[in-house]
Amino acid sequence: MPARSTPVLDLDPATIRRARSLARKVGRPVVRMAKQHTTVSVERATLRMAGLGGADPDGTPWANRLLDTVRGDVGLEHGVCLPVWDALLRGEAGDLAELAGKASVGSVRFRLPEGRDATRAAAAADKAVGVGLRRIDARRRERERLVKRWGDPEQTPWVYLIVATGDIYEDMPQAQQAARAGADVIAVIRSTGQSLLDFVPEGPTREGYAGTYATQENFRLMRAALDESSKELGRYVRLTNYASGLCMPEIATLAGLERLDMMLNDSMYGILFRDINPVRTFVDQRFSRQVHARAGIIINTGEDNYLTTADAVDAAHTVTVSQLLNECFAKEAGLADWQLGLGHAFEIDPDVPDSFRLELAHALLARQLFPKAPLKWMPPTRHMSGDVFRGYLLDGFFNLAGMLTGQGILLVGMMTEAVVTPWLSDRDLALQNVRYVRNAAGGLAEDFHPAPDGLIARRARRVLAESIDLLERILDHAEPDFGAGLLAAIADGTFGLMRRPADGGRGLDGVVRLAPGYVNPARDLLDGAP
Amino acid sequence: MTAPTPAPAQIVRPYGDTTGDGMVQLSFTLPVPHGKLAEGSALQLAGKMGLDPAMVVHAKAMGPDFTFFVVYGRVQHLVDTGQVVVIERDYPLLSPREANLAIRKGLRRRLIVIGGCIGTDAHTVGIDAILNIKGFAGDKGLEYYREIKVVNLGAQVSVPQLVESAREARADAVLVSQVVTQRDAHVLGAKEMSAAFREAYPAEQRPVLVVGGPRFDEQMAAELGVDRVFGRGTTPGEVASFLVHALVTGGQAA
């Protein structure tokens, strides 16, 4: 995606370097901590990569059944692979699915192999996981081929539309209609509460609450539907889903296997907004991002969420800090600049004087701090009051700000935000709004040079300065313990006003500290990836 | 307290630009391809809805199978304001100062409020608008009140967790926000919550239960088993005033 490169704000390069180096300093102990732990979801993702899919008659995935049995028998400190492939080598079952079936009825005992047995089990696991990774590689090459054949959208920002009926078979025609109407990216938002499920549902699903469940089969169905649309329209229509919540690593793996193109994946969203344990989140997040990096998936981060709970002017710097941290964790996990859809949003109270100029300042700051990243520009939600007429105007200004500041991905705002799930006509009107602004002012960025000492430039410099202050404050939390800086800051409510202690939150019981001799070929292969 | 005297009954019609002209606008989509037939169909619908005369001022194809319309027209219906039933505020609206003072004098300790979004609901906008110091519509949230201690549990709190936290915090009042309304999730959630508190507490010790959200009907309190329901547009000041009334001055906590 071509990104705007000429800087229009006079920001001190030394200050920008300082902000980045502080972010890296904050991130380093967290990465170290992530490397010292595993989680049930990382281990299940490894099993899935090795080809274990499906669920038992009650709908519990075989990955969960197998993992729980292994954990009960020998614990997870050494990883799931050694005991599982040891059992396969001992001839307990012909393949993973059969082993999972036997394990769930208690007819297999797992052990932790030692010596040559351990070496052989590790080698067998390595081979099986390698097959899965090569499938993900093949899907990436397939995308590259299709993009070459059908082409990228002609213009930026890419138009991003949400579909969510709860029923995958309703979603497919709606998504195809949205693509015909001009959407470049389709996001299928998930059923409310899927974040908090510690398993990935199985098969095609027809009911969800305010969204459709993310399952491997739903991914496959929707990607196939959009491949049809891409062919029909002569441009590659991208598909987005969510790698967040308790199953980030598994969903990232399924997304790679089914050629999804973008995934929501934020470093702190689950902690702050879903009360998921911080350690669990950081461990899961690193693995899922490594998979995204490998799969050629663009991540979308969730900074817009900060502004739905805190004031968009007062908390502007928390967005910048989160973007810097997201960038630092993403780079460490192997993602390239073009894969960083860093998020931000148009959420300033429209009654604040100069609100549009402030929005421009924040959007330009993000554009200039991350010149090569396809920024994800999120529409107003908080000040959409139900007055759909005023909302439509606000969305127009949101679109204008997006064009003017060279945003990469524009999530189309709906005037009925907070009233109903979007109607057919709402989507059509919203796309007309985007098209009008693009036709009328798409090239305005060329003429737009804020005065060097005007309100916009001054505001951007101030937000950057506040971001540096906040990063320093996070580092002040540092204690000898790893991760204490950021984890302690999260614990005392530095972000989004929510206090999330490192030993609280959901999913903590799924976190395991690694023992010497831990084996996980997926992690090794991803760590070694170029 | 005293309910405001009802407004005198009045017969009114919608107002476009002249008293009594009865003009309304509406928009809708029909699953009919754009064309004469579609516009005729729109007029038929408008007529059946009581618009006479009706004008289709805009019709636009949305894909091959649908047409979107904007329609203006005159309605013949009369509105009798004397027949309208609403719940008027039955407690005095207090400023933060007055609320603080009332609590200090009447309760002689801080009033403890616990709040959150229950079930799978992750939309904290509502509860935060009431609890966070930031508040809503220029009205500061309950955290701003010196005599109110706020425990905000945030999103996706389970009902047992809420009961447990309420006990731990020795909460005087429990505020629950429900935004997600699919399949009546907000109603079911509120009922489950009130039932759990009734089970967990002896009647006279149960905290005051308040639910709020944009899709609640304020007349549903009894049905939901709660003490008060707040709908769209409620300000923190109204909630604070109600709590003072229910727990301190009114003495009619359930």
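This structure is a prediction, so every number in the text was calculated from the model and none was measured.

Conventions adopted
Residues numbered from 1 in each chain as written. Chains lettered and ligands numbered in written order. Predicted model: local features only at pLDDT ≥ 70, side-chain atom pairs only at ≥ 80, totals over all residues. Helix = DSSP H or I, 4+ residues; strand = E, 2+ residues; numbered from the N terminus. Buried ≥ 20, exposed ≤ 12 C-beta atoms within 10 Å, placed from the backbone. Rg over C-alpha atoms; globule rule 2.2 N^0.38 Å. Contact = placed C-beta atoms within 7 Å. Pairing = 2+ DSSP bridges. Axes fitted to C-alpha atoms, helices over the stretch in contact; angles between N-to-C directions. Domains from an automatic or database assignment. Parallel < 35°, antiparallel > 145°, perpendicular 65-115°, else oblique. Left-handed = near helix turned anticlockwise from the far one by under 90°. Core = buried A, V, L, I, M, F, W, Y, C linked by C-beta atoms within 7 Å. pLDDT = per-residue confidence, 0-100. Nonpolar A, V, L, I, M, F, W, Y, C, P; charged D, E, K, R; others polar. Expected span 1.5 Å × (residues − 1).

A. Region of interest: the overall build of chain B. When you go through chain B residue by residue, the secondary structure sums to seven helices and 10 strands. Here chain B holds 254 residues, and 36% of them are scored as buried.

B. Region of the structure containing the overall build of chain A. Counting secondary structure elements, chain A contains 19 helices and 11 strands. By the compact-globule yardstick of 24 Å for 530 residues, chain A fits well, its C-alpha radius of gyration being 23 Å. When its C-alpha atoms are laid out on the principal axes, chain A stretches across 70 × 55 × 40 Å. The buried share among the 530 residues of chain A stands at 58%. Look at the contacts in chain A between residues 6 or more apart in sequence, and 77% of them connect residues 24 or more apart.

C. Region of the structure containing the sheet that holds strand β9 (residues 376–378) of chain A. All names here are of chain A. Strands sit in the order β7-β6-β5-β4-β3-β2-β10-β9-β8 across an open sheet of nine strands; the sheet is parallel. Edge positions in the sheet fall to β7 (340–341) and β8 (343–345), since each of these pairs with one other strand and no more. Judged from the two bridges that link them, strand β6 (residues 298–300) and β7 form a sheet pairing that is parallel. Within β7, the residue paired with I299 across the bridge is L340. Packing of helix α8 (residues 216–233) onto the sheet brings it into contact with β3 (185–188) and β4 (238–242), and relative to β4 it is tilted by some 160°.

D. The arrangement of the domain arrangement of chain B in detail. Domains assigned within chain B are domain 1 (11–80) and domain 2 (96–249). Taking only C-alpha atoms into account, the centre of domain 1 of chain B sits 41 Å from that of domain 2 of chain B.

E. The arrangement of the pairing of strand β8 (residues 173–177) of chain B in detail. All names here are of chain B. Burial runs high along β8: five of the five residues are buried. Taking every second residue as pointing to the same face, both faces of β8 are buried, with A173, L175 and S177 on one and V174 and V176 on the other. The pairing of strand β6 (residues 111–117) with β8 spans five bridges and is classified as parallel. Its bridge partner lying in β8, G115 is registered against L175. Relative to strand β9 (residues 208–212), β8 is paired through five bridges, and the arrangement is parallel. Its bridge partner being in β9, L175 is matched across the sheet by V210.

F. Layout of the packing of helix α3 (residues 62–74) of chain A against helix α5 (residues 96–104) of chain A. All names here are of chain A. The geometry of α3 relative to α5 is characterised by a closest axis approach of 9 Å and an angle of 60° between their N-to-C directions. When the interaxial angle is binned, α3 and α5 end up oblique. Along this stretch, α3 crosses α5, giving a crossing that reads as left-handed. In contact with W62, R65, L66 and T69 of α3, α5 contributes A97, L99, A100, A103 and S104.

G. Representation of the sheet that holds β6 of chain B in the model. All names here are of chain B. If you trace the five strands from one edge of the open sheet to the other, you get β7-β6-β8-β9-β10, paired in parallel fashion. For this open sheet the edge positions go to β7 (148–152) and β10 (228–230), each flanked by a neighbour on one side alone. When strand polarity is set aside, the average angle formed by the axes of neighbouring strands in this sheet is 20°. Lying over the sheet, helix α7 (residues 236–249) contacts β6, β7, β8, β9 and β10, oriented at roughly 160° with respect to β9.

H. Representation of the nonpolar core. Membership of the largest hydrophobic core comes to 215 residues, with the highest contact counts inside it found for L66 and I186 of chain A together with L243 of chain B. By size, the runner-up hydrophobic cluster in this structure holds eight residues, among which are A42, A46, F68 and V71 of chain B.

I. Spotlight on the environment of L325 of chain A. Residue and element names in this part refer to chain A. Relative to the elements of secondary structure, L325 occurs in helix α13 (residues 316–332). By C-beta crowding, L325 is classed as buried, having 25 other C-beta atoms within 10 Å. Along the primary structure L325 and A124 are separated by 201 residues, whereas in three dimensions their C-alpha atoms are 37 Å apart. Ignoring anything within four residues of it in the chain, the contact list for L325 reads A23, V26, G27 and S267.

J. Layout of unusual backbone geometry. That bond from T156 of chain A to P157 of chain A is cis: its omega, -5°, falls within 30 degrees of zero. The peptide bond linking D52 of chain B to P53 of chain B adopts the cis configuration, its omega dihedral lying at 0°. With respect to the helices, strands and loops of the structure, P53 of chain B is situated in strand β3 (residues 51–62). Backbone geometry places R108 of chain B, a non-glycine residue, at a positive phi of 60°. Locating R108 of chain B in the fold gives a position in the loop between α2 (96–106) and β6.

K. Representation of the pairing of β9 of chain B in the model. All names here are of chain B. Of all five residues in β9, five are buried, a share of seventy percent or more. Side-chain alternation along β9 places V208, V210 and G212 on one buried face and L209 and V211 on a second face that is also buried. When β9 meets β10, the two strands line up parallel, connected through three bridges. Of the residues in β10, the one forming a bridge with V211 is V229.

L. Local environment of the confidence of the model for chain B. Summarising the model, chain B shows a mean pLDDT of 88, and 90% of its residues fall at 70 or more. Per the prediction output, this complex has pTM 0.85; the corresponding ipTM is 0.82.

M. Quick look at the packing of helix α1 (residues 13–35) of chain A against α13 of chain A. Residues and elements named next belong to chain A. Two elements in contact, α1 and α13, have axes whose closest approach is 9 Å; the angle formed by their N-to-C orientations is 60°. It follows from the interaxial angle that α1 and α13 lie oblique. Note on packing geometry: the crossing formed by α1 with α13 is right-handed. Only L324, L325, C328, F329 and E332 of α13 make contact with α1, whose side of the interface consists of A19, R20, A23, R24, V26, G27 and V31. Of the residues assigned to the contact of α1 with α13, the class counts are eight nonpolar, one polar and three charged.

N. Inspection of helix α14 (residues 355–369) of chain A at higher detail. Residues and elements named next belong to chain A. With 15 residues, α14 extends 21 Å from end C-alpha to end C-alpha; this agrees with the ideal 21 Å at 1.5 Å per step. Counted residue by residue, α14 has 12 buried out of 15 residues, so it is predominantly covered. For α14, the full list of buried residues reads L358, E359, L360, A361, H362, A363, L364, L365, A366, R367, Q368 and L369. Lining the buried residues of α14 we find α1, α13, β8, α15 (388–404) and α17 (455–476).

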